[in-house]
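# Observations on the three-dimensional arrangement
Here's the letter readout for the chains.
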Amino acid sequence: MYTSSTELLAITSRSARSQDLNACLDVEGLKTAVSRATGFRCTGLKIKAEGGFHRIYFTQFSGGAEYVTRVAFDRSDYRGLHKMESEVATIAWLAQNTSIPLPTILYYNPTDQNEAHAPFMIMKKVRDMTLDKRWQTMSLAEKKVAVKSYARIVVSLAQTRFDSIGSIYPSTSTSSGVVVGPMLPSSPPWCFTRDITLDSGPWRTEREYFLACIARERTWAVAHQLELEEKWRNENIAALGWNSLLSGYLAIYDRLTQLVSHLPGLDPPLPHPFGPFAMIYPDPNSRNIMITADDPSKLTLLDWEFSHSAPLWHLTTVPEFLCEDEDVEDPSCPELRQVFHAECELHFPDPALWRSQRDRADLMVALEKACQSICVAINPATIVSFLEQVRRKCEGR
């Protein structure tokens, strides 16, 4: 059996969760399960990679066929909803409604009620190379081609339309075959909890979304005061003017609530045909993007886990593989960021709208970061400084 939700809450490292999978995964049972699902006899499983939430196996079959099997670290059900079902529904909807290059899913089992004792998914093997392995050997011209191709994918996502913020699930009661439902949490500690009392959406406005994130943070901080005191036991909270760690956090949440409650522009839906919300690609790092060796314009986006509908400004931000943290290793990143922005604006049907959302993005990204997992991820002194920056951004918008 998997560890309980309470125990799982404390498992925040990839290695610990990988060990948890090792304890319950039946490798021979996985071979049996994939053989049954494909109709071919599985002859071998080779670990290719591990992400934050799953392990990737290259899977060999009699006759020489090769597929990819992805095994989840935990069953990750939330309010009876499975993140794997959400991912499959999202990919199926995108395949039907866009031309975005996507992985091909052959079979999936979102529960641990199978021979492997773990949720797993079988996909066609993409013969290309991940962008992180190709990037350093690419010329600047090739990188520009790849960035432009990615930008056009972003524009395709920006033209999808949803009426609320949340994760996508299969539905037999809608003409689209999907419905927007509760947001599957992707960041610690929320990805490890099954607390059904939390407001997980879907949300009709950005204000509802931000306020729900703040309320969720407050709830967790109160319930896990001892864990927080242990985590930040070496912090000098008296220097921050806090009487206690919890009282300091609660004061921060009060200030955030006031900021969000009075910030204009968070309620009305965008008056354009591509909104109010669009599908976003959740993890645009170079390990999740496949690129064809002889054609840098051909990309395939892997890992749509935790994809969801979100405000348009999300899509105007540069992808992780072009962020400022990469500038030291790749001096061409600043130029490539400009290429990305220019290509998005060129191909989006309403360039003025795109520019307006890009102008909002800096403030909105900072505000979203302030509302999510600050008590777990950021030390108290940094939180105080960061919140002041957010306040100034809000007042100077």
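Residues numbered from 1 in each chain as written. Predicted model: local features only at pLDDT ≥ 70, side-chain atom pairs only at ≥ 80, totals over all residues. Heavy atoms only, no water.

### Quick look at the overall build of the protein chain
The criterion, for reference: Where helices and strands are cited, they refer to DSSP runs of H or I of at least four residues and of E of at least two residues respectively, numbered from the N terminus. Each residue is assigned to one of three classes by its accessible area relative to the maximum for its type, calculated with a 1.4 Å probe on protein chains only: buried under 20%, partly exposed between the two thresholds, exposed over 50%. For accessible areas, the Shrake-Rupley method is used with a probe of radius 1.4 Å. Any residue's cover is judged against the shown protein chains and nothing else.
Check the secondary structure of the protein chain and you find 13 helices and 14 strands. Evaluated residue by residue, the protein chain yields a buried proportion of 51% over its 397 residues. With an accessible surface of roughly 18,200 Å², the protein chain has 51% of that area assigned to carbon and sulfur atoms.

### Some remarks on the sheet that holds strand β1 (residues 42-50)
What links the strands of a sheet is backbone hydrogen bonding, and the strands pair in either a parallel or an antiparallel sense. Worth spelling out the cut-off: Strands were regarded as paired on the criterion that DSSP finds at least two bridges between them. Inter-axis angles, ranging from 0 to 180 degrees, are taken between N-to-C directions of lines fitted to C-alpha atoms, where helices are fitted over the stretch in contact.
Pairing in this open sheet of 5 strands is antiparallel, and the strands run β1-β2-β3-β7-β6 from one edge to the other. What marks the edges here is a single partner per strand, and that holds for β1 and β6 (105-109). Ignoring which end each strand starts from, the neighbouring axes of this sheet average 20° apart. Here 7 bridges tie strand β2 (residues 54-61) to strand β3 (residues 66-72), and the two strands are oriented antiparallel to one another. Its bridge partner being in β3, Thr59 is matched across the sheet by Tyr67.

### A short note on the sheet that holds strand β8 (residues 129-130)
Taken together, 3 strands build an open sheet; the order of strands is β8-β12-β13 and the sheet is antiparallel. The open sheet is flanked by β8 and β13 (295-301), the only strands paired with a single partner. Bridging between β8 and strand β12 (residues 289-292) involves 2 bridges; their strand directions are antiparallel. Each bridged residue has a counterpart across the sheet, and for Met129 the counterpart in β12 is Ile291.

### Some remarks on the pattern of salt bridges
To be explicit about the condition: Here, a salt bridge means any Lys or Arg side-chain nitrogen found within 4 Å of an Asp or Glu carboxyl oxygen.
Applying the stated criterion across every chain, the model contains 21 salt bridges. Put simply, Arg55 and Glu50 hold a salt bridge, and the shortest N to O gap is 2.6 Å. When its relative accessible area of 28% is taken as the criterion, Glu50 is described as partly exposed. We note a salt bridge from Glu388 to Arg255, for which the minimum N-O separation is 3.8 Å. Note that Glu388 is positioned in helix α13 (residues 380-395) and Arg255 in helix α9 (residues 245-262), a separation of 133 residues in sequence. Connected via shared salt-bridge partners are Arg70, Lys83, Glu87, Asp303 and Glu305.

### Re the pairing of β12
Side chains Ile289 and Ile291 of β12 all project onto a buried face; the interleaved residues Met290 and Thr292 project onto the opposite face, where all are buried too. With 4 bridges connecting them, β12 and β13 associate as antiparallel partners. Each residue of the ladder has a partner; that of Ile289, found in β13, is Leu301. As consecutive antiparallel partners, β12 and β13 are separated by 2 residues.

### Things to note about the environment of Gln389
Turning to its location among the elements, Gln389 is positioned in helix α13. Residue Gln389 is classed as partly exposed on the basis of its relative accessible area of 40%. Separated by 26 residues in sequence, Gln389 and Leu363 place their C-alpha atoms 9.8 Å apart.

### Remarks on helix α4 (residues 83-97)
Formally: In this analysis, the expected span of each helix is defined as 1.5 Å times one less than the number of residues it contains.
For α4, built from 15 residues, the straight-helix expectation of 21 Å at 1.5 Å per residue is met to within 8% by its first-to-last C-alpha distance of 21 Å. Turning to α4, its buried residues are Lys83, Met84, Ser86, Glu87, Val88, Ala89, Thr90, Ile91, Trp93 and Leu94.

### Some points on the nonpolar core
How we decide: Only buried residues count toward a nonpolar core, which is a set of Ala, Val, Leu, Ile, Met, Phe, Trp, Tyr and Cys residues joined through side-chain atoms within 4.5 Å. Residues are treated as being in contact if the distance between any of their heavy atoms lies within 4.5 Å.
Tyr150, Trp304 and Leu315 are the most contacted members of the largest nonpolar core, which has 44 residues in total. Those elements giving two or more residues to this core turn out to be α4, α6 (140-158), β10 (178-181), β11 (277-280), β12, β13, α10 (333-347) and α11 (351-371). Apart from residues no more than four positions distant in its own chain, Trp304 is found in contact with Glu87, Ile91, Leu94, Ile100, Leu102, Pro103, Leu157, Ile280, Tyr281 and Pro282. Within the second largest apolar cluster, 39 residues are counted, among which are Ala221, Trp232, Trp313 and Met364.

Interpretation in functional terms is not warranted from these geometric data alone.
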